[in-house]
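Observations on the model geometry
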There are 2 protein chains.
Amino acid sequence: MTNSDPTPASAPAGKRERLVAGAVRLVHEQGAEKTTLADIAQAADVPVGNVYYYFKTKDELLQATIDAHAEQLATTLRELDTRHRTPAARLKALIRTIAGQGDLAARYGCPQGTLCSELDKRDDELSRSATKLMGITIDWTETQFKAMGRRDARDLAVALIASYQGISLLTNTFREPELMRRECRRLERWVDGLSRGRG
Amino acid sequence: MTNSDPTPASAPAGKRERLVAGAVRLVHEQGAEKTTLADIAQAADVPVGNVYYYFKTKDELLQATIDAHAEQLATTLRELDTRHRTPAARLKALIRTIAGQGDLAARYGCPQGTLCSELDKRDDELSRSATKLMGITIDWTETQFKAMGRRDARDLAVALIASYQGISLLTNTFREPELMRRECRRLERWVDGLSRGRG
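The rules behind the values
Residues numbered from 1 in each chain as written. Chains lettered and ligands numbered in written order. Predicted model: local features only at pLDDT ≥ 70, side-chain atom pairs only at ≥ 80, totals over all residues. Heavy atoms only, no water. Contact = heavy atoms within 4.5 Å. Buried area = accessible area lost by both parts, 1.4 Å probe. Salt bridge = Lys/Arg side-chain N within 4 Å of Asp/Glu carboxyl O. Helix = DSSP H or I, 4+ residues; strand = E, 2+ residues; numbered from the N terminus. Buried < 20%, exposed > 50% of the residue type's maximum accessible area, 1.4 Å probe, protein only. Core = buried A, V, L, I, M, F, W, Y, C linked by side-chain atoms within 4.5 Å. Least-squares fit on C-alpha atoms with pLDDT ≥ 70 in both. Axes fitted to C-alpha atoms, helices over the stretch in contact; angles between N-to-C directions. Parallel < 35°, antiparallel > 145°, perpendicular 65-115°, else oblique. Left-handed = near helix turned anticlockwise from the far one by under 90°. Nonpolar A, V, L, I, M, F, W, Y, C, P; charged D, E, K, R; others polar. Phe/Tyr/Trp six-rings, centres within 6.5 Å; stacked < 30°, edge-to-face > 60°.

**Some points on the interface of chain A and chain B**
In this complex, chain A contributes 42 residues to the contact, which on the side of chain B involves 42 residues. Between chain A and chain B, roughly 3,500 Å² of surface is buried when both sides are summed, and carbon and sulfur atoms account for 57% of that area. Among the residues of chain A in contact with chain B, Asp120, Lys121 and Thr173 of chain A are the three that bury the most area, contributing 19% of the side total. Salt-bridge contacts for Arg175 of chain A lead to Asp123 of chain B; the nearest nitrogen and oxygen are separated by 3.6 Å.

Have a look at this one:
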C-alpha cells in the first residue's frame, strides 16, 4: 500500500475525501475493529455500494486513514517550524497544542495513539504502517533537542512523546481534561530546564 | 457488577479460573473487541456451551478480566512494599519490574493500558470499571512520593505512570524492547533526583 491517491480522474470529486474524513473521525471515536464500512459510508454520506469503488477492503480505507493522519501531523509540525524560531519555543508550542486537546483526549484519547494501540495487536502490514505516525513526531522532536545541543536528543524525544501518549491514555481513562493540562505545564517546565542545560 | 465470585459451590473447580486466565491472555494478545467467547472457551479448554454457566455475557467475562488484573496489580504492589523499605527504592523496583517486561510490551503492549485504551472508546460501566486499573498504580505511586515528602506527589505519580504507559505504547508500536529499558533507566535517574530534592 502506498500514499498515492487511487481515485480515478473520472470519479466524482470529494467522495473519496469524505470517506477518509469519516473513517478518521469514526475510528477515533469507536476504534478500527468496531467501525464498519457501512458506518463510514453513512458518516460520509456516500452510498455504501460506492465504497468499493474507492477502497476494495476495510484495510485499504484504514491505510488511507493512517496516511491522512501522517499528512496532518506533518502539516502541524511544519507550521510550528515556521511560527517559532528557537527549538525550545517549538517544543513548548507543541506541548501547548497538545494541552489544548484535553477535552477531545478525555473523550476519545489521542487519535494517532489509540489507533496505533489497536493496530499493534495485529502484526501485519497495516500495523507496521501505523509506526510512521509515532515516527513523524518523535523525529521532529529529536531534531529540536539536537538543535538545543543535546546529545541525548533521541532519548529525550522518546521521553516527551511517551509522556504525551501516556497522559492521553490517563486523561481518556479518567475522563479528566485537567490531567492533560497539568502534565503539559510540567513538560513545559521540563523543556525550559533542558534548554538551560539542566537534566 | 462486583468483585464477588459468582461460581456456585457445586460447580466443577477450576473452569471459571481457566476462563478468566484465558480471557486475560487473549484480550492482551488480540484485543477485547476481536476476542470471542468461543476463542476464550477453546483457550481455557472449556466446552463453549459451558461458558454461559459462568458468564452470561462477554461483558461479564471482561469485567472478571478487569478484576483479575486489579488483583494482580495489588499483589505486585504489596510485594514491593514488603521487599523494599524506602519509597525511592520501591519506586525504582516498580520501574525495574516494568523494564523487565520490555519483550512482552514490544509484542502486545501493557496488558492493563491497552485494555483501558480499547474500553475507553466505549462510555459504559465496563469502561468506568477499567479506570481502577490505572487508579491502583497511580495511588500507590502517589503514596511513595508523599512518603518522600513531595507536596506535588499526585502530579509526580501521574507523570510516572503516564511515562510508563506511553513508553509501553511506543515499545509496542516500534516492536523495540530496548526503548522501554532505556526510558526506565531515565526514570530511575529521575526518581533518584527527586529523592535528593531536585526537580
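Additional details are given in the paragraphs that follow.
**Considerations on the pattern of salt bridges**
Residue and element names in this part refer to chain A. In the structure shown here, the tally under the stated rule is 38 salt bridges over all chains. Between Glu142 and Lys146 there is a salt bridge whose closest N-O contact spans 3.7 Å. Highlighted residues: Glu142 and Lys146, both in helix α8 (residues 125–147), separated by four residues, approximately one helical turn. Of the residues examined, Lys146 reaches a relative accessible area of 55% and is grouped as exposed. Ionic pairing is found between Glu183 and Arg186, a salt bridge with its closest N-O pair at 2.9 Å. One end of the pair, Glu183, and the other, Arg186, are both in helix α10 (residues 177–195), three residues apart, so they sit about a helical turn from each other. Each member of the pair, Glu183 as well as Arg186, is classed as buried. Overlapping salt bridges bring together Asp139, Glu142, Lys146 and Arg154 as one network.

**Thoughts on the nonpolar core**
Phe145 and Leu170 of chain A together with Phe145 and Leu170 of chain B are the most contacted members of the largest nonpolar core, which has 90 residues in total. Once you skip the residues sitting within four places of it in the chain, Phe145 of chain A turns out to touch Leu91, Arg150, Ala153, Leu156, Ala157, Leu160, Trp190 and Leu194 of chain A.

**Quick notes on the relation of the copies chain A and chain B**
Take chain A, turn it by 180 degrees, move it 0.0 Å along the axis, and it overlays chain B with an RMSD of 0.0 Å. With respect to symmetry, the two chain copies, as superposed, fit the operation of a two-fold axis. Residue Gly166 of chain A, judged by its C-alpha, is the member of chain A lying nearest the rotation axis, at 1.9 Å. Looking at chain A, 100% of its interface residues are interface residues in chain B too, so the copies touch through the same face.

**Side note on the environment of Trp140 of chain A**
All names here are of chain A. Looking at the secondary structure, you find Trp140 in helix α8. Using a relative accessible area of 7% as the deciding quantity, one classes Trp140 as buried. C-alpha of Trp140 to C-alpha of Glu188: the two residues are 48 residues apart in sequence and 17 Å apart in space. If sequence neighbours within four positions are ignored, Trp140 has contacts with Leu77, Leu80, Asp81, Arg90, Leu91 and Leu94.

**Describing the packing of helix α1 (residues 15–30) of chain A against helix α2 (residues 37–44) of chain A**
All names here are of chain A. In contact at an axis separation of 8 Å, α1 and α2 are set at 120 degrees when each is read in the N-to-C sense. The pairing of α1 with α2 is recorded here as oblique in orientation. Of the two possible hands of crossing, α1 and α2 adopt the one that is right-handed. Side by side, α1 and α2 meet where Arg18, Leu19, Gly22, Ala23, Arg25, Leu26 and Gln30 of the first sit next to Asp39, Ile40, Ala41, Ala43 and Ala44 of the second. Partitioning the contact of α1 with α2 into residue classes produces seven nonpolar, two polar and three charged.

**Re unusual backbone geometry**
Although it is not a glycine, Arg175 of chain A adopts a positive phi angle of roughly 55 degrees. Its place among the elements puts Arg175 of chain A in the loop between α9 (153–174) and α10. Owing to a relative accessible area of 28%, Arg175 of chain A belongs among the partly exposed residues under this scheme. The backbone of Asp45 of chain B shows a phi angle near 55 degrees, a positive value even though the residue is not glycine. Mapped onto the elements, Asp45 of chain B comes out in the loop between α2 (37–44) and α3 (48–54).

**Remarks on the packing of aromatic side chains**
All names here are of chain B. All told, the structure shown has four aromatic pairs over all chains when counted by the stated rule. Pairing Tyr53 with Tyr54 gives two aromatic rings, centres 5.1 Å apart and planes at 90 degrees, and the pair type is edge-to-face. The class for Tyr54 is buried, based on a relative accessible area of 5%. Aromatic side chains Phe145 and Trp190 sit 5.9 Å apart centroid to centroid with 70 degrees between the ring planes, which places their arrangement in the edge-to-face category. Residue Phe145 is found in helix α8 (residues 125–147), and its partner Trp190 is found in helix α10 (residues 177–195); the two are separated by 45 residues along the sequence.

Distances and angles like these do not, on their own, reveal function.
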